[in-house]
Amino acid sequence: MSKRQVAMVMDLNKCIGCQTCTVACKTLWTRREGMEHMLWNTVNTQPGAGTPHGFESMGGGFRDGVAQPGQRPSVEDFGKAWNFNHEEVFFGGKGEISLAADGGKHGKGPNWDEDQGGGEFPNSHYFYLPRICNHCTHPACLEACPRKAISKREDNGIVLIDEDRCKGYRFCQEACPYKKIYYNEVEEVSQKCIFCFPRIDEGVTTACSRQCPGRVRFVGYLDDPEGPIWKFVTKHKVALPLHAEYGTQPNVFYVPPLSPPKIDDEGNPTDEPRIPTEYLVSLFGNGVHDALKTLERERERNKRGEKSELMDLLIARKWLDMFGPFQKHPRDAARNRPIPQNQQKPRAPQQQVSEIRFYTKEEFKKGGRA
Amino acid sequence: MRTQRVKNVAPLLDPADPGWRTVPVEQVSMMPTPLAMQPTPYIRNSWEGREYGRVTDLAVASVHDGRQWALRASWRGVSPAGKDFPDALAIALPVRGKPVLALMGAADAPIHFLRWQANKSVVASQIAMGIGSSARGPAITCSAQARAEGDRWQVVIARPLGGAGDLAPLVAGRKTGIGFAVWMGGNDERGGIKAFSIDWAELALDA
């Protein structure tokens, strides 16, 4: 049991599906060889198949405390990183050629059903669901690993894979009900979101939360009554875990989306929300009913000009307040750290990097320099 | 199990070398590692009722020439290509003390493993001091050559004689124990999900 737990709340009413979080994570953490297909952060359209496709029916987690068998998602399930014929198109000298992914034989990408959603016009609907590793309190991955390669940090509850102990058995992939663990076929180890722990250790929030233009993501300690997480989860009870029935006690929480009213056959608005509440309940549990009522009530209060702590928090006028104790600028954190002896020499001029390139583990450690 | 002394091990590194025909072959009985011994509840639950460790017999022969020791193992169980996990064979040798093979050794009684797997040309040297504890073993120049004939693997693993530190001793004229593990990768076998020889067999090296 960790002494404290860092957690994240994502307000789904504000996510615009821009994937800035995905790119922030991708460029920071998954640029080593074998990580091409890895998106430790994903944003999918709901209702939808998600990433990996159909993850909700791949098993794992716990039922009545008993570990459940699960499937290993394949690279194709996650959505392969496609290769494009840029050379051929731009320099091949063939006028008729057009851009094609994997020679036109590409499968479904990680976000292939973007903006499809559900329902029939005029009641079609969708919302975006960003996902990272849930850094669960009862991590199925940790309990499944025969190598004791997965640990939960005592000081902040971040769940990490020790790549030196991992042997690539992938029981963790099977056991994780959220299917948020990837396998690196080059390095032959499992890899996943690390909740930006080197940043958290320095008082800097995660890259996905800091880069989010929609101010969707709040970060802090779960038990900090002064921080945003405790207020959303415990005080106002508007932030709920995804699929709590998987039994792993996830530490990423979601403020469920409100939606405009459903339109009846005559084109008149009804009392029903466009996004079916039952669907939200299937994702976030029965707490959705009270959470939506609370959100509506507080929104009305705000409209009347009354003070609402919840709305003030959700609006996030003060950006840095979203990150609890993790408000430092990454640059300042880096400045305060002593420069290691072996790096105390003039840096070689940086190469111009104009195309996406995946580095070896050693190159990555040196900041992408050969 | 006898390790016959030959003039030169080198040609016998090829599992198809006719020289192996004159080397006595012994059958080693294998069985699935007991489910109750699997180290995590997830593995026990997810493999309950699933068949694994199907390799029941291993045909083994070994030779040495005073410098090099080579062991040829043959078994039925070639997995189709493209599966997530490779077919594999491990040879276990006790380093010191009296380790229990089924427990993969103990802190004061380590076991040295030489592991071949079908998707790699190198042999891994590993040391184990208990279930789930295997780590990189002593540096040793090993080789492996494998042939798949129909559904049968023929693998020759070789290493120098001698032994010091964590390198299990193999000395001409002496006896030691030997154990085996086989994984059928096509059946998702990896880690403790495997067939193993229940206990040590005696390995006697000709003087």
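- Chain A goes by Respiratory nitrate reductase subunit beta in an unreviewed UniProt entry, where it is assigned to Aromatoleum petrolei.

### As for the overall build of chain A
Item 1. Secondary structure summary: chain A contains 13 helices and 14 strands in total.
Item 2. Each principal axis of the C-alpha atoms in chain A carries an extent, and together these give about 60 × 55 × 45 Å.
Item 3. Here chain A holds 370 residues, and the buried ones make up 49% of them.
Item 4. If you take every contact in chain A between residues at least 6 apart in sequence, the share linking residues at least 24 apart comes to 68%.
Item 5. Treating the 52 positive side-chain charges of chain A as one cloud and the 49 negative ones as another, the clouds have centres 7 Å apart.

### A short note on the overall build of chain B
Item 1. Within chain B, the regular secondary structure consists of one helix and 14 strands.
Item 2. Taking 17 Å as the expected radius of gyration for a compact globule of 207 residues, we find that chain B reaches 16 Å, a close match to that expectation.
Item 3. For chain B, the spread of C-alpha atoms along the three principal axes comes to 50 × 40 × 25 Å.
Item 4. Here chain B holds 207 residues, and the buried ones make up 54% of them.
Item 5. Summarising the internal contacts of chain B: among those between residues at least 6 apart in sequence, 66% fall at separations of at least 24.
Item 6. Total accessible area on chain B stands at roughly 9,100 Å², and carbon and sulfur atoms take up 51% of it.
Item 7. Side-chain charges in chain B split into 23 positive and 18 negative, and the spacing between the mean points of these groups amounts to 4 Å.

### Things to note about the pattern of salt bridges
Item 1. With the rule as written, the count across this model stands at 32 salt bridges over all chains.
Item 2. Note that B:Arg147 and B:Glu149 form a salt bridge whose closest N and O atoms lie 2.6 Å from each other.
Item 3. Look at B:Glu149 and you get partly exposed, because its relative accessible area is 41%.
Item 4. Among the charged side chains, a network of salt bridges with common partners joins A:Arg72, A:Arg170, A:Glu174, B:Arg50, B:Asp84, B:Asp188 and B:Arg190.

### What about the environment of A:Phe284?
Residues and elements named next belong to chain A.
Item 1. Of note, Phe284 is situated in helix 9 (residues 277-284).
Item 2. With relative accessibility at 4%, the residue Phe284 sits in the buried group.
Item 3. Between the C-alpha atoms of Phe284 and Leu240, which are 44 residues apart in sequence, the distance is 5.9 Å.
Item 4. Once residues lying within four places of it in the same chain are set aside, the contact partners of Phe284 are Leu12, Leu129, Leu240, Pro241, Leu242, Tyr254 and Pro256.

### Side note on unusual backbone geometry
Residue and element names in this part refer to chain A.
Item 1. Note the cis peptide between Gln46 and Pro47, where omega equals -5°.
Item 2. Along the chain, Phe121 connects to Pro122 via a cis peptide bond; the corresponding omega equals 10°.
Item 3. Following the sequence through the fold, Pro122 ends up in the loop between helix 3 (86-91) and strand 5 (127-131).
Item 4. Its identity is not glycine, yet Lys148 carries a phi of approximately 55°, on the positive side.
Item 5. Within the fold, Lys148 resides in the loop between helix 4 (140-144) and strand 6 (150-152).
Item 6. The class for Lys148 is exposed, based on a relative accessible area of 69%.
Item 7. Of note, Glu188 is a non-glycine position whose phi angle comes to about 55°, a positive value.
Item 8. With respect to the element layout, Glu188 can be found in the loop between strand 8 (181-184) and strand 9 (189-192).
Item 9. The exposure class assigned to Glu188 is partly exposed, which follows from its relative accessible area of 27%.

### Remarks on the interface of chain A and chain B
Item 1. With 20 residues of chain A at the contact, the number on the chain B side is 20 residues.
Item 2. With both sides pooled, the region where chain A packs onto chain B buries about 1,600 Å², and carbon together with sulfur makes up 46% of that total.
Item 3. Contact with chain B buries area across many residues of chain A, yet A:Arg72, A:Tyr169 and A:Phe171 alone supply 30% of it, more than any other trio.
Item 4. Along the contact surface separating chain A from chain B lie five salt bridges.
Item 5. Taking the shortest distance from any N to any O, the salt bridge between B:Asp84 and A:Arg170 comes out at 3.8 Å.

### Considerations on helix 10 (residues 287-303) of chain A
Residue and element names in this part refer to chain A.
Item 1. Across its 17 residues, helix 10 extends 24 Å between first and last C-alpha, which sits within 8% of the 24 Å expected from 1.5 Å per residue.
Item 2. Among the residues of helix 10, those classed as buried are Val288, Ala291, Leu292, Thr294, Leu295 and Glu298. For helix 10, the angular spread of buried residues about the axis comes to 160°, placing them on one side. Turned more than 90 degrees away from the buried face of helix 10, the exposed residues are Asp290, Lys293 and Lys303.
Item 3. Lining the buried residues of helix 10 we find strand 11 (240-241), strand 12 (252-255), helix 9 and helix 11 (309-315).
Item 4. Backbone geometry just downstream of helix 10 places Gly305 in the positive-phi region, at approximately 85°.

### So, the confidence of the model for chain B
Item 1. Averaged over every residue, the pLDDT of chain B is 95; the share at 70 or more is 100%.
Item 2. Strand 9 (residues 135-136) of chain B is the least confidently modelled element of chain B, averaging 90 in pLDDT, while helix 1 (residues 41-47) of chain B averages 98, the highest of any element.

### Comments concerning the pairing of strand 6 (residues 88-94) of chain B
Residue and element names in this part refer to chain B.
Item 1. Strand 6 sits mainly inside the fold: seven of its seven residues count as buried.
Item 2. Taking every second residue as pointing to the same face, both faces of strand 6 are buried, with Ala88, Ala90, Ala92 and Pro94 on one and Leu89, Ile91 and Leu93 on the other.
Item 3. Relative to strand 7 (residues 111-117), strand 6 runs antiparallel, the two being bridged by seven bridges. Of the residues in strand 7, the one forming a bridge with Leu93 is His112.
Item 4. In this sheet, strand 12 (residues 175-183) lies alongside strand 6 in antiparallel orientation, the contact comprising five bridges. Note that in strand 12 the partner of Ile91 across the bridge is Phe180.

The rules behind each value
Residues numbered from 1 in each chain as written. Chains lettered and ligands numbered in written order. Predicted model: local features only at pLDDT ≥ 70, side-chain atom pairs only at ≥ 80, totals over all residues. Heavy atoms only, no water. Helix = DSSP H or I, 4+ residues; strand = E, 2+ residues; numbered from the N terminus. Buried < 20%, exposed > 50% of the residue type's maximum accessible area, 1.4 Å probe, protein only. Contact = heavy atoms within 4.5 Å. Lys, Arg positive; Asp, Glu negative; His and termini not counted. Charge placed at Lys NZ, Arg CZ, Asp CG, Glu CD. Rg over C-alpha atoms; globule rule 2.2 N^0.38 Å. Areas by Shrake-Rupley, 256 points an atom, 1.4 Å probe, with all protein chains shown as cover. Salt bridge = Lys/Arg side-chain N within 4 Å of Asp/Glu carboxyl O. Buried area = accessible area lost by both parts, 1.4 Å probe. Expected span 1.5 Å × (residues − 1). Arc of directions from axis to C-beta. pLDDT = per-residue confidence, 0-100. Pairing = 2+ DSSP bridges.

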